[in-house]
Protein chains: 2
Amino acid sequence: MNEQRNPWFETTVQQLNDPQNQRVWSVIVSLFGDLAQQKGAQVSGGALTRIITPMGIKPEAIRVALHRLRKDGWIESARSGRASVHYLTEYGRSQSAAVSPRIYERRAATPGNWHLLIAQDGAGQATLDEVLLLSNYVAVNRTTALGHGPVPRSLDDLMAAEVSRIAVPGWLKARLFPEPLRDACAALQHDLARIPPPPAGLTPAQTGTLRTLIVHRWRRVVLRHPDLPPSFHPADWAGETCRDLVFQLLDQLPLPELSALDTPPE
Amino acid sequence: MNEQRNPWFETTVQQLNDPQNQRVWSVIVSLFGDLAQQKGAQVSGGALTRIITPMGIKPEAIRVALHRLRKDGWIESARSGRASVHYLTEYGRSQSAAVSPRIYERRAATPGNWHLLIAQDGAGQATLDEVLLLSNYVAVNRTTALGHGPVPRSLDDLMAAEVSRIAVPGWLKARLFPEPLRDACAALQHDLARIPPPPAGLTPAQTGTLRTLIVHRWRRVVLRHPDLPPSFHPADWAGETCRDLVFQLLDQLPLPELSALDTPPE
C-alpha cells in the first residue's frame with residue numbers, strides 16, 4: 001500500500017502545504033467538496049489516509065477531525081466489511097454546494113446593478129447588520145452596505161440608492177481586501193507559479209492530494225473576499241492571477257474516480 | 001408724515017409679523033434685499049422708519065440694528081442734506097445676491113444628477129465636513145453626504161457613487177426638514193392663506209412693509225432647507241404651497257420705486 005516515490009509530487013506537496021496553521025477538518029471539507037460532493041459518493045478510510053497523510057497530517061489527527069465533522073453533522077461514517085467509508089450528510093452536501101459555484105468559477109464574476117443601503121446613525125445599524133448577513137452585500141462603513149441585484153423593497157428604515165458608477169477609495173479597497181487576505185493570495189500565487197507541469201504517472205491518490213491542497217488554498221482566498229469588479233481591487237491584488245493558475249493546474253490533474261482511490265498502485 | 005389708516009394693512013401686518021423673536025437687523029437685511037439690492041440704491045432713514053415701525057419695531061431698535069449692520073460691513077450710511085441715507089456695501093450686496101436666486105425662485109428647483117460621497121468611519125469625516133460646507137450637499141448621516149452636480153474628482157479619500165434612483169426613508173426626511181422648520185413653514189402657510197387680496201390705495205411704504213414681512217418670513221423657510229425633489233419631502237411639508245402663496249401675494253404688491261418711499265402720502 002506504499003505510494004510510489006515521486007520527487008515532483010513531494011516537492012509540490014511541500015510547496016502547496018498551507019504555511020498557516022492547517023485545520024484538518026477544514027482540509028477534509030475541501031477534499032469532500034472536490035472529490036465526493038455528489039449524492040452517494042463515499043470515500044474509504046484508506047483513501048482518506050492515502051490522500052491526506054502526504055500533507056504531513058497524522059492518521060490520528062484525521063480520526064479526530066472526522067469525529068468532529070460527524071458531531072457537527074457534516075459527515076457520516078459506516079462500515080463496509082472490514083473497512084470504514086465516509087460520506088457527506090445532506091447538510092454537509094448542501095453547505096458544500098452553496099460555495100462550490102464561487103470556488104469553481106473560472107471567470108471572475110462581474111456583478112452589475114449596484115445599490116447602497118445607508119442607515120441612520122445609531123438606530124439604523126441593526127437593520128444594516130441583518131442585510132450584511134446576505135451574501136450579496138459588503139460593508140462600506142458602519143452605516144453603509146454595498147450590494148448588487150435588485151433593491152430590497154422592505155427596508156423602510158434604510159436609504160436605498162441605485163448606483164450607476166462608483167469610484168472606490170484606497171481605504172475601501174483595503175477594507176474589502178485586507179492585508180492578511182492580500183498576503184495569503186500573494187503567497188498562493190507565488191506557490192502556484194513555481195510548480196512545473198505535472199509529470200505522467202501520478203497515482204489517483206496523489207492526484208487527490210494535490211487537488212485537495214490546491215482547492216483548499218484557493219477556497220480560503222476566494223471565499224474570504226466578495227465578488228467585486230476590478231475597480232474595487234487593490235493594485236497588488238493577485239486574486240485573478242491565482243484563479244487562472246488554479247484552473248490551469250486542476251485541468252492538468254483531472255478528478256480521479258473514487259473507486260480508483262482504493263486500487264493499490266501497481 | 002402719518003400713514004393713512006388702513007384696517008386691511010394693520011390686520012395683515014399683524015398676521016405676517018413673525019411670531020418668533022424678531023431680529024431687527026435681519027428684517028433690515030430682508031428689506032434691502034427686496035427693495036434696494038441693486039448698485040446705487042439708497043433708502044432714506046425716513047423711509048426705513050415708515051416701512052419698519054408698523055411691524056411694532058421702535059425707531060431706537062432700528063438705529064441699533066443699523067449700527068450693528070454698519071459694524072458688520074453690510075450697510076453704509078451717509079448724510080444727504082438734513083436726512084440720512086442707507087445702502088448696501090459691496091459685501092452686503094454680494095451676500096444678498098448670493099441667496100436671491102433661491103428666495104425669488106418661483107418654481108422649486110428639481111436638481112438631478114445625484115451622487116453620494118461616503119467617508120471612512122472616523123478618519124474620513126474631516127473631508128466630508130469640508131464637502132458639507134458646499135451648498136449642493138446635504139448630510140445623510142455622519143459619514144454620508146448627498147450632492148447634485150458632477151462628482152468631484154479630487155476627493156480621493158471618499159467613496160463616490162453616482163446615483164440613478166433614491167428611496168428616502170422617514171428618518172432622512174425628518175433630518176433634512178426638521179420639525180421646527182416644518183412648523184415654521186406650516187405657520188407661514190396658515191398666515192399667508194388667510195390674507196384677503198390687497199385693496200387699492202396702499203402707500204408705497206405700506207407695500208414696502210408688506211413685501212419686507214413676506215420676504216422675511218419666506219427667507220427664513222427657504223434658506224433653511226436644501227433644494228430637494230418632492231420624494232425627499234415629509235408628507236406634511238408645506239414649503240411648495242408657501243412658495244406659491246408668497247409669489248401670488250408679491251405679484252399683487254409690486255415693488256415700489258425707492259423715490260416714491262420718500263413722498264409723503266397725499
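Details of the structure are given in the entry above.
Numbers given to residues run from 1 along each chain, matching the order in which its sequence is written. As a convention, the first chain written is A and the first ligand written is 1, with the rest following in written order. It should be noted that, the model being predicted, local features are given only for residues of pLDDT at least 70 and side-chain atom pairs only at 80 or more, the latter also being counted only at that level, while totals for whole chains, interfaces and linings use all residues.

*Asks:* Got a minute to help me understand the sheet that holds strand β3 (residues 83–88) of chain B in this structure?
*Replies:* Strands pair in a sheet through their backbones, by hydrogen bonds, and they do so in one of two ways: parallel or antiparallel. Residue and element names in this part refer to chain B. Pairing between strands is defined by DSSP: at least two bridges between them are needed. Think of it this way: any DSSP run of H or I at least four residues long counts as a helix, any run of E at least two long counts as a strand, and we number them from the N terminus. In space, the three strands of this open sheet follow the order β1-β3-β2, with antiparallel pairing throughout. Edge positions in the sheet fall to β1 (43–44) and β2 (75–80), since each of these pairs with one other strand and no more. Relative to β3, β1 is paired through two bridges, and the arrangement is antiparallel. The residue of β3 that forms the bridge with Ser44 is Val85.

*Asks:* Could you clarify how one ought to interpret the relation of the copies chain B and chain A in this entry?
*Replies:* Mapping between the two copies of the chain is achieved by a rotation about an axis and a shift along the axis. Relative to chain A, chain B is turned by 180° and slid 0.1 Å along the rotation axis, the superposed coordinates differing by an RMSD of 0.1 Å. What the rotation and shift describe, once combined, is the action of a two-fold rotation axis. Of every C-alpha in chain B, the one belonging to B:Val163 sits nearest the axis of rotation, 2.2 Å from it. Taken as a fraction of all interface residues of chain B, those also at the interface in chain A reach 96%, which identifies the copy contact as same-surface. Least squares is used to superpose the copies, and the fit set is the C-alpha atoms of residues whose pLDDT is at least 70 in both copies. Any residue pair is listed as a contact if its two C-beta atoms, each placed from the backbone, are within 7 Å.

*Asks:* Where do I start with the pairing of strand β5 (residues 137–141) of chain A in this structure?
*Replies:* Consecutive side chains along a regular strand alternate between the two faces of the sheet. Residue and element names in this part refer to chain A. Relative to strand β6 (residues 144–148), β5 is paired through four bridges, and the arrangement is antiparallel. Within β6, the position partnered with Ala139 by the bridge is Ala145. Linkage of β5 to β6, two consecutive antiparallel strands, is achieved through a turn of two residues.

*Asks:* Please clarify how the pairing of strand β6 (residues 144–148) of chain B should be interpreted in this entry.
*Replies:* All names here are of chain B. Between the buried cut of 20 or more and the exposed cut of 12 or fewer other C-beta atoms within 10 Å of a residue's own C-beta lies the partly exposed class, and all C-beta atoms are placed from the backbone. With respect to burial, β6 is a largely interior element, four of its five residues being buried. Strand direction decides the pairing type here: strand β4 (residues 114–118) and β6, joined by five bridges, are antiparallel. Its bridge partner lying in β6, Leu116 is registered against Leu146.

*Asks:* Is there a simple way to explain helix α1 (residues 7–16) of chain A in this structure?
*Replies:* Residues spaced three or four apart along an α-helix face the same direction, because each turn holds 3.6 residues. Residue and element names in this part refer to chain A. Residues of α1 that are buried include every one of Phe9, Thr12 and Leu16, and no others. On an axial view of α1, the arc spanned by its buried residues comes to 70°, and they lie on one face. Structural note: α1 exposes Pro7 and Gln14 on the side pointing more than 90 degrees away from its buried face. This arc is built from the directions going out from the helix axis to the C-beta atoms.

*Asks:* Just to check I follow, could you spell out the sheet that holds β6(A) for this structure?
*Replies:* Taken in spatial order, the eight strands of this open sheet run β5(A)-β6(A)-β4(A)-β7(A)-β7(B)-β4(B)-β6(B)-β5(B), and their pairing is antiparallel. With one partner strand each, in any of the chains shown, β5 of chain A together with β5 (137–141) of chain B form the two edges of the open sheet. For this sheet the average axis-to-axis angle between neighbouring strands, irrespective of direction, equals 35°. Taken together, the four bridges between β4(B) and strand β7 (residues 159–167) of chain B define a ladder with antiparallel strand orientation. Opposite B:Leu117, over in β7(B), you have B:Ala160 as the bridge partner. To obtain an axis, a line is fitted to C-alpha atoms, over the contacting stretch when the element is a helix, and the angle between two such axes runs from 0 to 180 degrees between their N-to-C directions.

*Asks:* Would you mind going over the environment of A:Arg5 with me for this structure?
*Replies:* Residue and element names in this part refer to chain A. Tracing the sequence through the fold places Arg5 in the segment before α1. Here Arg5 falls in the exposed class, since 7 other C-beta atoms lie within 10 Å of it. Sequence spacing of Arg5 and Leu202 is 197 residues, and the spatial spacing of their C-alpha atoms is 9.8 Å.

*Asks:* What am I meant to see in the packing of helix α2 (residues 24–35) of chain A against helix α9 (residues 204–222) of chain A here?
*Replies:* Between two packed helices, what matters for the description is the angle formed by their axes and the separation of those axes. Residue and element names in this part refer to chain A. The contact between α2 and α9 brings their axes to 9 Å, and the two run at 110°. Here α2 lies roughly perpendicular to α9, going by the angle between them. Of the two possible hands of crossing, α2 and α9 adopt the one that is right-handed. Where α2 approaches α9, its residues Val27, Ser30, Leu31, Gly33, Asp34 and Leu35 are matched on the opposing element by Gly208, Arg211, Thr212, Val215, His216 and Arg219. The residue classification treats Ala, Val, Leu, Ile, Met, Phe, Trp, Tyr, Cys and Pro as nonpolar and Asp, Glu, Lys and Arg as charged. All others, Gly included, are polar. When the residues that make up the contact of α2 with α9 are grouped by side-chain class, the tally is four nonpolar, five polar and three charged. Oblique is the label for any angle not under 35 degrees, not over 145, and not in the 65 to 115 range, which are roughly parallel, roughly antiparallel and roughly perpendicular in turn. Two helices crossing with the near one rotated counterclockwise from the far one by less than a right angle form a left-handed crossing, whereas a clockwise rotation gives a right-handed crossing.

Purely spatial values, then, with no claim about function.
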